[in-house]
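# Inside the fold
Listed below, chain by chain, are the residues.
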Amino acid sequence: EVLAVRDDAIIATGRSDYPNQVNNVLGFPFIFRGALDVRATGINADMMLAATHALAELARQQVPDTVRGAYEGSEMSFGKDYLIPKPFDHRVLFHVAPAVAKAAMETGLARLTLDLDEYEEQLRASLGPGREVMRWMTARARRDSAKIVFPEGHNDTVIQAAARMMEDGICEPILLGRPSRVQEKAELLGVNLKGVEIVHPAACTDKRYEFAQTLFKRRARRGLTLAEAQWDLYKPIYFAASMLEAGEADAMVAGIEASYPETLRPALQVVGREDGIARVSGLYMLAFPGRELLFFADTTVNIDPDAETLRDIALQTASFVQDLGIRPRVAMVSFSNFASSVHEESRQMATAVELVRAANPELEIDGEMQADTAIDEVKLREVYPFTHLSGPANVLIFSRLSAANVAYKLLDQLGGADVIGPVLLGMAKPVHILQRGCDVEDVLNLATVAAVDWQARSAHI
Ligand SMILES: CC(C)(COP(=O)(O)OP(=O)(O)OC[C@H]1O[C@@H](n2cnc3c(N)ncnc32)[C@H](O)[C@@H]1OP(=O)(O)O)[C@@H](O)C(=O)NCCC(=O)NCCS
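Residues numbered from 1 in each chain as written. Predicted model: local features only at pLDDT ≥ 70, side-chain atom pairs only at ≥ 80, totals over all residues. Heavy atoms only, no water.

## Considerations on the pairing of strand 1 (residues 147-150)
Here strand 1 pairs with strand 2 (residues 172-176) via 4 bridges, running parallel. Counterpart to I148 in the pairing with strand 2 is P173. Between the parallel pair strand 1 and strand 2, the chain is carried across by helix 8 (residues 156-168), and the sense of this crossover is right-handed. Judged from the 2 bridges that link them, strand 1 and strand 4 (residues 251-254) form a sheet pairing that is parallel. The residue of strand 4 that forms the bridge with I148 is A251. (Pairing = 2+ DSSP bridges. Helix = DSSP H or I, 4+ residues; strand = E, 2+ residues; numbered from the N terminus. Right-handed = clockwise from strand over helix to strand, strands pointing away.)

## Some thoughts on the site of the ligand
The local shell around the ligand holds 16 residues, among which R219, R265, V280, T300 and V301 are the closest. One of the side-chain nitrogen or oxygen atoms of R265 is found 2.8 Å away from an oxygen atom of the ligand. Considering the ligand on its own, with 930 Å² of exposed area, one finds that the protein chains cover 69% of that surface. A total of 5 residues in the shell around the ligand trace back to one element, the largest contributor, which is helix 13 (residues 260-270). Considering only residue class, the shell around the ligand consists of 8 nonpolar, 3 polar and 5 charged. (Near = heavy atom within 4 Å. Polar contact = N/O pair within 3.5 Å; in protein donor to acceptor, adjacent residues only side chain to side chain. Areas by Shrake-Rupley, 256 points an atom, 1.4 Å probe, with all protein chains shown as cover. Nonpolar A, V, L, I, M, F, W, Y, C, P; charged D, E, K, R; others polar.)

## A few points about helix 6 (residues 116-125)
Helical periodicity: at 3.6 residues per turn, an α-helix aligns residues three or four positions apart in one direction. Turning to helix 6, its buried residues are Y119, L123 and A125. Take helix 6 and look down its axis: the buried residues cluster within an arc of 160 degrees, on one side only. (Buried < 20%, exposed > 50% of the residue type's maximum accessible area, 1.4 Å probe, protein only. Arc of directions from axis to C-beta.)

## Regarding a nonpolar patch on the surface
There is a patch of nonpolar side chains on the surface, built from F28, F32, L36, I43 and M48 and spanning about 500 Å² of accessible area. For the nonpolar patch, the element with the highest residue contribution is helix 2 (residues 28-37), accounting for 3 residues. Assignment of secondary structure puts L36 in helix 2. (Patch = residues over 30% accessible without salt bridge, like charges linked within 9 Å, V, L, I, M, F, W, Y side chains within 5 Å. Salt bridge = Lys/Arg side-chain N within 4 Å of Asp/Glu carboxyl O.)

## Some words on the environment of V25
Assignment of secondary structure puts V25 in the loop between helix 1 (2-5) and helix 2. On the basis of relative accessible area, V25 is assigned to the partly exposed category, the value being 27%. Residues V25 and G437, spaced 412 residues apart in sequence, show a C-alpha to C-alpha distance of 32 Å. Contacts of V25, omitting those with residues within four sequence positions, involve F30 and P87. (Contact = heavy atoms within 4.5 Å.)

## Some details on the sheet that holds strand 9 (residues 395-398)
The strand order across the open sheet built from 6 strands is 8-7-9-6-5-10, with neighbouring strands paired in mixed fashion. Of all strands in the sheet, those bounded by a partner on one side alone are strand 8 (364-369) and strand 10 (418-425). Neighbour-to-neighbour, the strand axes of this sheet turn through a mean angle of 20 degrees, independent of strand direction. Strand contacts of helix 14 (residues 307-323): strand 5 (281-287), strand 6 (294-297), strand 7 (329-333), strand 8, strand 9 and strand 10, with the helix running at about 160 degrees to strand 9, the strand carrying the most contacts. Most of the contacts of helix 15 (residues 344-359) go to strand 8, to which it runs at about 170 degrees, and overall it touches strand 7, strand 8 and strand 9. (Axes fitted to C-alpha atoms, helices over the stretch in contact; angles between N-to-C directions.)

## Here we look at the pairing of strand 10
Of all 8 residues making up strand 10, 6 are buried, and the element is well covered by its neighbours. Pairing between strand 5 and strand 10: 6 bridges, direction antiparallel. Bridging from a neighbouring strand, S281 pairs with L425 of strand 10.

## Side note on the domain arrangement of the protein chain
With domains assigned, the protein chain is organised as domain 1 (2-127), domain 2 (144-270) and domain 3 (281-426). Taking only C-alpha atoms into account, the centre of domain 1 sits 38 Å from that of domain 2. (Domains from an automatic or database assignment.)

## Quick notes on the sheet that holds strand 2
Pairing is parallel in the open sheet, where 5 strands are placed in the order 3-2-1-4-11. Because the sheet does not close on itself, it has two edges, and the strands there are strand 3 (197-199) and strand 11 (431-433). In this sheet, neighbouring strand axes are inclined to one another by 25 degrees on average, regardless of whether the strands run parallel or antiparallel. Two elements, strand 4 and strand 11, share 3 bridges in a ladder whose sense is parallel. Bridging from a neighbouring strand, A254 pairs with I433 of strand 11. This element, helix 12 (residues 236-245), spans strand 1, strand 2, strand 3, strand 4 and strand 11 of the sheet and lies at about 160 degrees to strand 4.

Rendered as structure tokens:
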């Protein structure tokens, strides 16, 4: 009724079917969280005002896709229809509770003094096991800033993620694209790209020529002509991979607008595999509440691996896990337990176990075994006491791409896992490939993985 007479009226009510729902859930839980965490003796006006200011500030921030997804169709940028965060915006926890805790400490009601940055991090971690993994990866990425090139610099999600990377100090993103168009899009999205380098390949004639020469040299005996190489360099993915190859970027993250093979092939052609690695492969990290982090491979590259490829997948994955400071216990998983069902596929897994042992006798590995055996400590100990695993496996290597890919996707959708990845293993330089159409959080996570990958390699040099 009010809107019928005044279209500039700002309306906020308790109703969930109108914009600006003023819901208790935005206030009480987080005021109490902050107050309890500093063991406050009471709640004063300063603490309530601090909560109010925190909500007002949050309403002005960009809304992540995870929240947008939950409120499809509603306005989500600061304005008359979005004055207050949505009731189920998970960010309210780590915005409001630290503000309340701070006010309690400043006004003498707190009996505990907290380091507020650390407290905020703890609150973020409490939201889910995947966030905990990303928390320490992010802290590691921040130690030294990697330059990460994104060929899909015009993509809205990439632009939003790039702004967050700068803000959070995860890396220095380089976006490929026409600068005026990228900036225009950033403005429309309401994000600030200050400090983000934007490179326009079409305008870099000399560079394109130089990169085409290098690609031609590399692939002349694989059927590529110079004219084709020059043509390829107009494609952002080739230009970005060439920047990485030439040392103008430390890592590349790509693939949000393409299929996985469409992104991987150019990367293999320009950057190639690490010395001594025959096949690259991909893994996912799966985080479940209250249990150890799991690693699944190969979830992305080798469709029908032979025993040698399976050996390489196991060795690369184990080495990645070790670099994270975790001791790998590897299970080669298939449909049978230690030859309970003899078939070419199960035999191949058992052969791969022997090959891995020959290559790295120190590594804990066993199989073939079924997936439930691999992760069930009691079953392993009681039914298969001869196993070489000292505990349930934390690394699962699957016999085929379809099994690995289906397993992680179902656990993501139905099993309550937070999945992180895909991490590409075995490339000569850090290249990581996004799933087509993924969200801002996924881009941030993979950029963080790429930055940590670059740091780990720099440390090995
Ligand atoms: C990875 C993939 C793209 C390679 O395709 P392909 O048709 O076998 O590759 P090509 O014949 O075009 O080979 C391109 C180059 O990459 C190399 N290559 C292919 N697979 C490789 C691997 N796993 N590791 C390292 N190099 C590989 C080839 O040897 C070739 O090198 P060369 O040209 O220097 O001789 C293909 O295996 C694939 O599509 N995998 C599944 C990807 C997928 O759909 N994943 C699921 C979604 S996440």
